[in-house]
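A structural walkthrough
Each chain, letter by letter, is given below.
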Amino acid sequence: MLIETLYFGPMEVEPEKLILFPWGLPGFEEYKRFILLEEEGFLWLQSADSSEVVFALCDPFLYFRNYEIDIPTADCGSLAIIDHENVIVLSMMNVLSPTEIGVNLLAPLVINCQLRMGKQVILENSAYRVRHILQLDNHPEDAGVPAF
Amino acid sequence: MGHILLGGRVGTRKIRMLVISRKTDQAIRIGDTIQIQVVGIGKGKVRLGIVAPSDIPVYREELYQDLVAGNKTSLVTSPEMIESVKKAFTARLSR
């Protein structure tokens, strides 16, 4: 199938590469089908339904050394997650300025790769916030979550 | 103990809003599985006890709204934003 993207042009994508977000993303509930486009060190989450809906994601565990999450039972149920296999966790990024990038550690996107189904999960009782600054001056392995 | 129904939509689903009054220890029930009980009433503050199946997430609304706002600002809306992200990671990975 052909997917229109605003910045990367039209793309031919195998339908089985789509990832379904049955509940959409909070604030973007009407967009349910996405594709992940890999770049060096991060990914784009592009809507298959609208060229203009695209987010930048990164692997939070790679850039925030102390990051840990406990996926709520409710969300494990929704995504049919039974163990850590086939599960990937990605965080939405937010360009704050040309040199500053925020990372949402409070609500990671959890994807069941086997079912190709995902959900933005809220870690309600964690100390994480919607915006943690990605420490661009540090080596990835040095970037720890600040102590709370 | 009247109620008001307000029509509305979330996505493509029709929703309604029910407004009711409750005293301490009284509860409301949503569907067959969710019960919300007024545990206590103080100055400008009400304490609620929520009984819900573990597969239904319960959030504080303001937290959910923070997330909506965060997602909206995360939307990539300009080629400059794309370049910023690419540059940040290219700089990092070339170290």
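For the structure, check the block above.
What counts as what
Here the residue numbering is sequential within each chain, running from 1 through the sequence in written order. As they are written, the chains are lettered A onward and the ligands numbered 1 onward, keeping that order. Selection of residues for local features in this predicted model requires a pLDDT of at least 70, selection of side-chain atom pairs for listing and counting requires 80 or more, and totals for whole chains, interfaces and linings are taken over all residues. Note that water and hydrogens are dropped before the side-chain values are worked out from all heavy atoms of the structure. Secondary structure elements follow DSSP: runs of H or I no shorter than four residues count as helices, runs of E no shorter than two count as strands, and numbering proceeds from the N terminus. The contact criterion used is simple: two residues touch if any of their non-hydrogen atoms lie within 4.5 Å. Positive charge is attributed to Lys and Arg, negative charge to Asp and Glu, and no charge count is given to His or to the chain ends. All charge positions are set by atom: Lys at NZ, Arg at CZ, Asp at CG, Glu at CD. Whether a residue is buried, partly exposed or exposed follows from its accessible area with a 1.4 Å probe, protein chains only, as a fraction of its type maximum: under 20%, in between, or over 50%, in that order. Residue burial considers only the protein chains on display, and all accessible areas are found by Shrake-Rupley using a 1.4 Å probe. Accessible-area loss on putting two parts together, using a 1.4 Å probe and summing over both, is the definition of buried area adopted here. Within this document, salt bridges are pairs made up of a side-chain nitrogen of Lys or Arg and a carboxyl oxygen of Asp or Glu, the two lying within 4 Å of each other. The definition of a polar contact used here is a pair of N or O atoms within 3.5 Å, where within protein one atom must be able to donate a hydrogen and the other to accept one, and adjacent residues in sequence count solely through side-chain atom pairs. Three classes are used: nonpolar for Ala, Val, Leu, Ile, Met, Phe, Trp, Tyr, Cys and Pro, charged for Asp, Glu, Lys and Arg, and polar for all others, with Gly counted as polar. Pairing between strands requires that DSSP locate at least two bridges from one strand to the other. What makes a nonpolar core is a set of buried Ala, Val, Leu, Ile, Met, Phe, Trp, Tyr and Cys residues whose side-chain atoms join them at distances within 4.5 Å.

Observations concerning the overall build of chain A
Within chain A one finds two helices and 11 strands. Listing each helix as α and each strand as β along chain A from the N terminus yields β-β-β-β-β-β-α-α-β-β-β-β-β. In terms of principal-axis extent, the alpha carbons of chain A reach across some 45 × 40 × 25 Å. Taking the intrachain contacts of chain A between residues at least 6 apart in sequence as the baseline, contacts between residues at least 24 apart amount to 52%. Once the 8 positive and 22 negative side-chain charges of chain A are each reduced to a mean point, those two points are 4 Å apart.

Overview of the overall build of chain B
A tally of helices and strands in chain B yields two helices and five strands. Of the regular secondary structure in chain B, the N- to C-terminal order runs β-β-β-β-β-α-α. By the burial criterion, 20% of the 95 residues in chain B qualify as buried. When contacts within chain B are restricted to residue pairs at least 6 apart in sequence, those whose partners lie at least 24 apart make up 0%. For chain B, the accessible surface area stands at approximately 7100 Å², while carbon and sulfur atoms represent 56% of it.

Comments concerning the interface of chain A and chain B
One widely used convention gives an interface's size as the accessible area the parts lose upon coming together. With 44 residues of chain A at the interface, the matching set in chain B holds 32 residues. When chain A packs against chain B, close to 3300 Å² is buried across both sides, 66% of that on carbon and sulfur atoms. Of all residues in chain A, Tyr-7, Ile-122 and Glu-124 of chain A give up the largest surface area on contact with chain B, accounting jointly for 19% of the area buried on that side. Ionic pairing is found between Glu-124 of chain A and Arg-60 of chain B, a salt bridge with its closest N-O pair at 2.9 Å. One can count nine residue pairs in polar contact (both at pLDDT 80 or more) joining chain A with chain B. Of the residues contributing to the side of chain A that touches chain B, the split by class is 26 nonpolar, nine polar and nine charged.

Digging into the pairing of strand 4 (residues 34-42) of chain B
Residue and element names in this part refer to chain B. Examined bridge by bridge, strand 3 (residues 27-30) and strand 4 share four bridges and lie antiparallel to one another. What sits directly across from Ala-27, in strand 4, is Gln-37. Linking strand 3 back to strand 4 in an antiparallel pair, the connection comprises three residues, with Gly-31 at a positive phi of about 60 degrees. Across seven bridges, strand 4 lies against strand 5 (residues 45-51) in antiparallel orientation. From the neighbouring strand, Gly-40 faces strand 5, where its bridge partner is Arg-47. The turn linking strand 4 back onto strand 5 is made up of two residues, and Gly-44 within it adopts a positive phi angle of 60 degrees.

Details of the nonpolar core
Trp-44, Met-93 and Leu-134 of chain A together with Val-85 and Phe-89 of chain B are the most contacted members of the largest nonpolar core, which totals 42 residues. Elements that contribute at least two residues to this core include exactly strand 4 (33-38), strand 6 (54-58), strand 7 (87-97) and strand 8 (100-103) of chain A together with helix 1 (61-74) and helix 2 (79-93) of chain B. Ranked by the residues each element gives to this core, the list is headed by helix 2 of chain B, at five residues. Dropping the residues within four chain positions of it, Trp-44 of chain A is found in contact with Phe-8, Ile-35, Leu-36, Leu-37, Glu-39, Val-54, Phe-55 and Ala-56 of chain A together with Val-76, Ile-82, Val-85 and Lys-86 of chain B.

Quick look at the side chain of Ser-74 of chain B
When you line up the elements, Ser-74 of chain B lands in helix 1. Of the residues examined, Ser-74 of chain B reaches a relative accessible area of 5% and is grouped as buried. Leave out the neighbours within four places in its chain, and Ser-74 of chain B touches Val-54, Phe-55, Met-92, Met-93 and Asn-94 of chain A.

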